[in-house]
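For reference, the chains in residue letters:
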Amino acid sequence: MSRTTPDDASPPETDRELVGIVAVADNGVIGKDGDMPWHIPADLRHFKETTMDHPVIMGRVTYEGILEALGEPLPGRTTVVLTSRDLETPENAVIAASLEAALEEAETAARERHDDADRVFVAGGATVYEQFLPALDRLVVTEVHEEPDGDTDFPDWDRNAFEETARDERDGFAFVEYVRRD
């Protein structure tokens, strides 16, 4: 289902929908000092409800931020940590050293631990988003209507390659879905 591009660094195909999920400010900021520069409980609930029972691919810094906040990897989801470092992980987290290995681990988790989940989520950070953007089928974006200081931005993406299919405006933010155009 996911696209591939001629770029050798692009992720391989997967039979499952590959979905990027991100909260991004109007100025493109997604992080500051390894954390989000805002606290929006509705967005945290949305992330949890959207990704529950699906594999979630993320980079080491994002993973470590979640460990610091929750004391454990995301409950109810298999976390695939894209890193070249050797990390100790509990049962619901695995390490992958390449994009291909991350998708293979996510495929295995979807089949074996998530009742053949139809989606794999990509949840950051910036470098991981950038590497997976050419292959994403869908983007689930929380558009935060602020312009905070930050040290991490969401990568530039071709908005013409995606069609907005849903928008739920809230006070100070919006939940928006974009689907890749055929």
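Predicted model, so just to flag it, every value in this text is computed and none were measured. (Residues numbered from 1 in each chain as written. Predicted model: local features only at pLDDT ≥ 70, side-chain atom pairs only at ≥ 80, totals over all residues. Heavy atoms only, no water.)

Looking at the pattern of salt bridges
Counted only if it meets this: A carboxyl oxygen of Asp or Glu within 4 Å of a side-chain nitrogen of Lys or Arg is what we treat as a salt bridge. The way it works is that DSSP assigns letters per residue, a run of H or I at least four long becomes a helix, a run of E at least two long becomes a strand, and they are numbered from the N terminus.
Per the stated rule, a full pass over the model turns up ten salt bridges. A salt bridge links Glu-64 to Arg-60; the shortest N-O distance between them is 2.9 Å. With Glu-64 and Arg-60 both in helix H2 (residues 60-70) and four residues apart, this pair spans about one turn of that helix. Residue Glu-164 pairs with Arg-167 through a salt bridge whose shortest N-O separation is 2.9 Å. Each of the salt bridges in this network shares a partner with another, and the network as a whole consists of Glu-17, Arg-119, Arg-138 and Glu-177.

Digging into the packing of aromatic side chains
To keep it simple, the criterion reads: Each Phe, Tyr or Trp ring (for Trp, its six-membered ring) is paired with any other whose centre lies within 6.5 Å, and the angle between the two planes then decides the class: stacked below 30 degrees, edge-to-face above 60, tilted in between.
All told, the structure shown has four aromatic pairs when counted by the stated rule. Each member of the aromatic cluster is reached from another via a ring pair, and the members are Trp-157, Phe-162 and Tyr-178.

Remarks on the environment of Val-56
Just so we agree on the cut-off: Should any heavy atoms of two residues lie within 4.5 Å, those residues are counted as being in contact.
Inspection of the secondary structure puts Val-56 in strand S3 (residues 56-59). When residues no more than four places from it in sequence are discounted, the contact partners of Val-56 are Thr-51, Leu-74, Arg-77, Thr-78, Thr-79, Val-80, Phe-121 and Ala-123.

Describing H2
Rules: To sort residues, take the accessible area from a 1.4 Å probe on protein chains only and compare it with the maximum for the residue type: under 20% means buried, over 50% means exposed, and anything in between is partly exposed. Read the arc as the range of directions from the helix axis to the C-beta atoms.
Listing the buried residues of H2 in full gives Arg-60, Tyr-63 and Ile-66. Within H2, the buried residues cover an arc of 125° as seen down the axis, which keeps them to one side. Among the exposed residues of H2, those pointing more than 90 degrees away from its buried face are Glu-68 and Ala-69. Next to the buried residues of H2 lie S3, strand S4 (79-82) and strand S5 (93-96). Looking one or two residues beyond H2, the residue adopting positive phi is Gly-71, at roughly 85°.

Thoughts on the nonpolar core
Burial of nonpolar side chains together is a common tendency in soluble globular proteins. Condition: Residues grouped as a nonpolar core are buried Ala, Val, Leu, Ile, Met, Phe, Trp, Tyr and Cys residues, joined through side-chain atoms within 4.5 Å.
Counting residues in hydrophobic clusters, the biggest one holds 30 residues, and the most contacted among them are Leu-18, Ile-57, Phe-132, Leu-139 and Phe-154. Put simply, the parts of the chain that give this core at least two residues each are strand S1 (17-25), S4, S5, helix H3 (99-113), strand S6 (119-122), helix H4 (126-132), strand S7 (138-144) and strand S10 (173-180). Sort the elements by how many residues they give to this core and H3 lands first, with four residues. Core analysis: the next-biggest nonpolar cluster, separate from the first, contains twelve residues, Met-58, Leu-74, Val-81 and Ala-93 among them.

Re the confidence of the model for the protein
For the record, the criterion: Per-residue confidence from the predictor is given as pLDDT, running between 0 and 100.
Averaged over all residues, the pLDDT of the protein equals 92, while 93% of them reach at least 70. The model gives residues 1-8 a pLDDT under 50, and that stretch makes 23 contacts with residues more than four places away or in other chains.

Considerations on a negative patch on the surface
The test is simple: For patch building, the residue pool is restricted to those with more than 30% relative accessible area and no salt bridge; the joining distance is 9 Å between like charges and 5 Å between nonpolar side chains (Val, Leu, Ile, Met, Phe, Trp, Tyr). Note on areas: these come from Shrake-Rupley sampling with a 1.4 Å probe, and a residue is covered only by the protein chains present in the view. In this charge count, Lys and Arg are treated as positive and Asp and Glu as negative; neither His nor the chain ends contribute. In plain terms, the charge of a residue is placed at NZ if it is Lys, CZ if Arg, CG if Asp and CD if Glu.
A cluster of like negative charges, contributed by Asp-33, Asp-35, Glu-68, Glu-130, Asp-151, Asp-153 and Asp-156, occupies part of the molecular surface. You can see Glu-68 is positioned in helix H2. By relative accessible area, Glu-68 is classed as exposed at 74%.

Looking at the sheet that holds S7
For the record, the criterion: Paired strands, in this sense, are two strands between which DSSP finds at least two bridges. Axis definition: a line fit to C-alpha positions, over the contact stretch in the case of helices; interaxial angles, taken between N-to-C directions, run 0 to 180 degrees.
Pairing in this open sheet of eight strands is mixed, and the strands run S5-S4-S3-S6-S1-S7-S10-S9 from one edge to the other. A single partner strand is all that each edge strand has here, and the edge strands are S5 and strand S9 (162-169). Direction aside, neighbouring strands of the sheet carry axes that sit 25° apart on average. Relative to S4, S3 runs parallel, the two being bridged by four bridges. For Ile-57, the partnering residue across the bridge sits in S4 and is Val-80. Contacts between H2 and the sheet are confined to S3, S4 and S5, with S3 contributing the most and set at about 105° to the helix. Relative to the sheet, H3 contacts S1, S3, S4, S5 and S6, its axis offset from that of S4 by approximately 175°.

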